[in-house]
Amino acid sequence: MEILSKVKSFGGTQEVRRYQSAVTGTTMRFGVYLPPQSENGKVPVLWLLSGLTCTEANFLEKAGAQRLAAEAGVILVVPDTSPRGEGVADDAAYDLGQGAGFYLDATQAPWAPHFKMESWLIDELPKIVAAEFPADMTRQSICGHSMGGHGALTLALRNPARFRSVSAFAPIVAPAQVPWGEKAFAAYLGADRTTWRKHDACALIEDGARVAEILVDQGSADQFLENQLKPELLKAACAKAGIPLTLNLREGYDHSYYFIASFMADHVRYHAQRLKS
C-alpha cells in the first residue's frame with residue numbers, strides 16, 4: 001500500500017493511495033478523506049464514483065466535498081474509474097477502455113482479464129478500507145456522476161443491504177438504451193442483451209430490484225441530457241415500481257463539476273442523515 005499524497009483539509013486528512021489489486025491484476029488508485037471525527041473512532045463511509053475520462057482526482061479536487069464531509073463526520077472513498085497501465089486493454093475513444101470501466105466485470109476479450117470494477121468495488125476495496133481506516137462498514141452510502149451515477153445506481157440496486165442510501169448527478173440511467181452504454185456493454189459483456197440488464201438501473205428496477213429511495217440532480221443545459229442520460233426513463237421506472245425518486249432538474253446547469261459543486265452539499269447531507277442511525 002503506497003501513500004501517493006497526504007494533506008490536511010478542513011481539520012481532517014486527504015490521502016491518495018495505490019496498491020496491487022488481486023482482482024484486477026493491476027495497480028489501482030483511490031482517494032480517502034478522513035474527517036476530524038475519525039480520530040475518535042469509526043465513522044460512516046460515502047463512496048463517490050466518477051464519470052467517463054475521470055480519475056479519483058475529479059471528485060477530490062473539484063467537488064468541494066471535503067468541507068462537507070468534515071461537517072457531517074463521514075469518510076469519503078473515491079475510486080479510480082478503471083484499471084490502467086501497460087498490458088491493460090484500451091481504446092482510442094474516450095468512452096471505452098481506460099477511464100471508462102462502467103463499474104462492471106467484463107466477460108469479453110480483451111477486457112476480461114483486468115476490467116473487474118464491480119468485484120473491485122464490492123469485494124476487494126471495502127475490505128482494504130475496513131482494514132486501513134476507521135471506517136464503520138455497517139454504515140455505507142454511494143453517490144456518483146454520469147457513468148459514476150450509473151455505477152452508484154446499479155451497485156446500490158444490486159446490493160441493497162450494503163448501502164443505506166444512493167444518489168447521483170446526471171446519471172446514465174438506462175445504458176442499454178443509449179449510445180455510451182450500448183458501445184460499452186457490447187464490448188465488455190458481449191452481444192447478448194439479456195446480460196446487459198444486470199447493469200442497467202431501469203432494467204434492474206423493472207426486473208424487481210429495489211432501494212428505499214433515490215436522489216438525482218440533473219442540469220437542464222446538460223449537453224448529454226437527451227441522447228445519453230434520459231432521466232425520464234428512471235422517473236417512469238421508479239413510479240411503476242413505487243420507489244420514491246427525488247429528481248431535481250436544475251435550470252441552466254450543465255454536465256460539469258461546476259454543476260456538481262453547486263449541489264454537492266445537498267447530497268452529502270442527504271447521505272449523512274441516513275447514515276446517522
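Scroll up for the structure.
Here goes a summary of the coordinates provided. Fair warning: this is a prediction, and the values are worked out from it, not measured in the lab. (Residues numbered from 1 in each chain as written. Predicted model: local features only at pLDDT ≥ 70, side-chain atom pairs only at ≥ 80, totals over all residues. Heavy atoms only, no water.)

**Notes on the nonpolar core**
Right, on to step 1. Trp47, Leu48, Phe102, Leu125, Ile142, Tyr188 and Met264 are the most contacted members of the largest nonpolar core, which totals 91 residues.
Right, on to step 2. At eight residues, the largest contribution of residues to this core is made by helix H9 (residues 257-275).
Right, on to step 3. Sequence-distant contacts of Leu48, defined by excluding residues within four places in its chain, comprise Phe59, Ala65, Leu76, Val77, Val78, Pro79, Cys143 and Met264. (Core = buried A, V, L, I, M, F, W, Y, C linked by side-chain atoms within 4.5 Å. Buried < 20%, exposed > 50% of the residue type's maximum accessible area, 1.4 Å probe, protein only. Helix = DSSP H or I, 4+ residues; strand = E, 2+ residues; numbered from the N terminus. Contact = heavy atoms within 4.5 Å.)

**Some details on the layout of surface pockets**
Right, on to step 1. Volume-wise, the largest pocket comes out at about 200 Å³.
Right, on to step 2. Around the largest pocket, the lining is made up of 14 residues, and of these Leu52, Thr53, Cys54, His145 and His255 lie nearest the centre.
Right, on to step 3. Its residues assigned to classes, the lining of the largest pocket shows six nonpolar, seven polar and one charged. (1 Å grid on protein atoms, 1.4 Å probe; cavity = no way out; pocket = protein on both sides within 12 Å on 5 of 7 lines; lining within 4 Å. Points joined across faces, edges and corners; volume = space filled by probe spheres on them. Nonpolar A, V, L, I, M, F, W, Y, C, P; charged D, E, K, R; others polar.)

**So, helix H4 (residues 147-158)**
Right, on to step 1. The end-to-end C-alpha separation of H4 is 16 Å, in line with the 16 Å expected for twelve residues at 1.5 Å each.
Right, on to step 2. Along H4, eleven of the twelve residues are buried, which leaves the element largely enclosed by surrounding structure.
Right, on to step 3. Along H4, the positions that sit buried rather than exposed are Met147, Gly148, Gly149, His150, Gly151, Ala152, Leu153, Thr154, Leu155, Ala156 and Leu157. (Expected span 1.5 Å × (residues − 1).)

**Re the pairing of strand S7 (residues 163-169)**
Right, on to step 1. Among the seven residues of S7, six are classified as buried, and the element is accordingly described as predominantly covered.
Right, on to step 2. Here strand S6 (residues 135-145) runs beside S7; their pairing, made up of five bridges, is parallel. Counterpart to Cys143 in the pairing with S7 is Ser167.
Right, on to step 3. The pairing of S7 with strand S8 (residues 214-219) spans three bridges and is classified as parallel. Each bridged residue has a counterpart across the sheet, and for Ala168 the counterpart in S8 is Val216. (Pairing = 2+ DSSP bridges.)

**Examining the packing of helix H2 (residues 65-72) against H9**
How two helices sit against one another is set out by the angle between their axes and by the gap between those axes.
Right, on to step 1. Two numbers describe how H2 lies on H9: the axes approach to 10 Å, and their chain directions differ by 30°. With respect to H9, the element H2 is oriented roughly parallel. The handedness of the crossing between H2 and H9 comes out as right-handed. For the pair H2 and H9, the contacting residues are Ala65, Leu68, Ala69, Glu71 and Ala72 in the first and Met264, Ala265, Val268, Arg269 and Ala272 in the second.
Right, on to step 2. Its residues assigned to classes, the contact of H2 with H9 comprises eight nonpolar, no polar and two charged. (Axes fitted to C-alpha atoms, helices over the stretch in contact; angles between N-to-C directions. Parallel < 35°, antiparallel > 145°, perpendicular 65-115°, else oblique. Left-handed = near helix turned anticlockwise from the far one by under 90°.)

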